[in-house]
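Observations on chain architecture
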Amino acid sequence: MSWKHSAWRTLARTREALGVRARPGLRVLGYHCVGAPLPGDPYGLAVAPAAFERQMELVAYGQFGRAVPLGGARLDGGAEIAVTFDDGYQDVLRTAAPTLVRLGLPFTVCVTPGLLDAGRPHLAWDELSELGRINGCEIGAHGLTHARLDRLDDAALAVELSGSRQRLEDALGRAVRVMTWPHGAASRRAAAAAKAAGFARAACSLYGVNAPGRDPLLLQRVEITGFDGERDFVGKCSGAWDWFALRQGDPASR
Ligand SMILES: [Zn+2]
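A brief report on the enclosed structure follows. Bear in mind that the values here come from a model prediction, so they are computed numbers and not experimental data.

Looking at the pairing of strand E7 (residues 137-141)
- Buried residues dominate E7, accounting for 5 of its 5 residues.
- Burial along E7 is two-sided: Cys 137, Ile 139 and Ala 141 facing one way and Glu 138 and Gly 140 facing the other are all buried.

What follows is the structure in structure tokens.
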């Protein structure tokens with residue numbers, strides 16, 4: 001864990017001590033993989049299976065709101081929580097999904113066709129189909145090649161958005177209407193393009209809770225990492241880490 005993460009944790013705990021509470025709304029949790037740490041990963045992308053199981057038990061307990069898939073959120077100001085995974089790691093199928101199914105929690109897995117083509121540690125295409133058949137599992141897109149979509153011109157952006165949706169729909173045989181922004185990188189222009197490409201919901205990486213009126217193509221999301229203890233997790237679900245948005249900048253203002 002870096003000194004930065006330690007400093008962020010201290011700020012979050014200060015907010016807890018001050019009793020700062022987030023507004024209700026849709027809280028979106030962002031995960032990558034659930035398993036052993038990835039080689040050379042400074043970001044803590046892998047959450048240990050035992051920690052993930054405990055986190056999901058807390059979500060299933062209901063204290064953070066009604067558990068919903070990203071596409072099924074009402075976004076009406078009621079307390080909702082969505083569990084999302086980016087990139088399409090293989091252990092989402094083998095390790096995370098069984099826990100989520102056991103607890104009856106819906107979840108959303110946003111995958112990048114280009115990463116699936118590249119193989120391990122990402123899902124193979126037949127494994128994606130297997131994941132898509134799990135009751136409660138929603139499949140979304142995460143770009144076609146994992147490029148930063150906010151930096152592309154309109155034509156390249158349309159290829160990434162429509163291309164990812166088309167490839168996933170062809171593989172799954174059903175509509176794909178949700179996505180997450182690769183690298184969390186989005187803008188108002190990119191959001192408008194995502195809507196035009198047929199997406200109804202998209203989440204970025206801006207910390208915070210989604211109140212009514214938030215652009216559904218620029219939904220805020222908190223990232224859960226392998227560095228997070230249970231108290232960090234509860235804080236992230238309860239708004240103690242939402243100050244982090246101040247150092248990120250809102251894509252809705254770009
Ligand atoms: Zn990604």
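As for the coordination of the zinc ion
- Looking at the zinc ion, one finds its protein donor set to be Asp 87 (OD), His 142 (NE2) and His 146 (NE2), positioned 2.0 to 2.2 Å from the metal centre.
- In primary sequence terms, the donor set of the zinc ion follows D-x54-H-x3-H. Here the residue Asp 87 occupies a position in strand E5 (residues 80-87), and His 142 occupies one in the loop between E7 and helix H6 (154-172), the gap between them amounting to 55 residues.
- Given the relative accessible area of 7%, Asp 87 is considered buried.
- Relative accessible area serves as the criterion here: at 1%, His 142 is assigned to the buried category.

Structural notes on the nonpolar core
- Core analysis: the largest hydrophobic core is formed by 64 residues, its most contacted members being Tyr 31, Phe 85, Trp 181 and Phe 233.
- Among the elements that take part in this core, helix H3 (residues 90-103) stands out by supplying 5 residues, more than any other.
- Ignoring any residue separated from it by four or fewer positions in sequence, one finds Tyr 31 in contact with Val 47, Phe 52, Gln 55, Met 56, Val 83, Thr 84, Phe 85, Asp 86, Ile 224 and Phe 233.
- Val 28, Val 68, Val 178 and Leu 219 belong to the second largest nonpolar core, which has 10 residues in total.

Focus on the layout of surface pockets
- In this structure, the largest pocket occupies an estimated 990 Å³ of space.
- Every element with two or more residues in the lining of the largest pocket is listed here: helix H1 (3-18), strand E1 (26-31), E5 and strand E10 (222-223).
- No other element matches H1, which puts 3 residues into the lining of the largest pocket.
- A class-by-class count of the residues in the lining of the largest pocket yields 17 nonpolar, 13 polar and 10 charged.

About the criteria used
- Starting from 1, residues in each chain are numbered consecutively following that chain's sequence as written.
- The predicted nature of this model means local features are confined to residues of pLDDT at least 70 and side-chain atom pairs, given and counted, to a pLDDT of 80 or more, with totals for whole chains, interfaces and linings taken over all residues.
- Each side-chain value is worked out from all heavy atoms of the structure, with water and hydrogens disregarded.
- Relative accessible area decides the class of each residue, using a 1.4 Å probe on protein chains only: under 20% of the type maximum gives buried, over 50% gives exposed, and in between gives partly exposed.
- For the purposes of this entry, the term helix denotes a DSSP run of H or I that reaches at least four residues, the term strand denotes a run of E that reaches at least two, and both are numbered from the N terminus.
- Metal sites are built from N, O and S donor atoms within 2.8 Å, or 3.2 Å for Na, K and Ca, and they leave out water, so they may look incomplete.
- Side-chain atoms within 4.5 Å link the members of a nonpolar core, which is a set of buried Ala, Val, Leu, Ile, Met, Phe, Trp, Tyr and Cys residues.
- Here, residues are in contact when the closest pair of their heavy atoms is within 4.5 Å.
- Cavity and pocket criteria rest on a 1 Å grid covering protein atoms alone: a 1.4 Å probe that fits but cannot get out defines a cavity, protein on both sides within 12 Å along at least 5 of 7 lines defines an open pocket, and an atom within 4 Å of a point defines a lining residue.
- Grid points are joined across faces, edges and corners, and a volume is the space filled by probe spheres set on the points.
- Ten residues, namely Ala, Val, Leu, Ile, Met, Phe, Trp, Tyr, Cys and Pro, are considered nonpolar, four, namely Asp, Glu, Lys and Arg, are considered charged, and the remaining ones, Gly among them, are considered polar.

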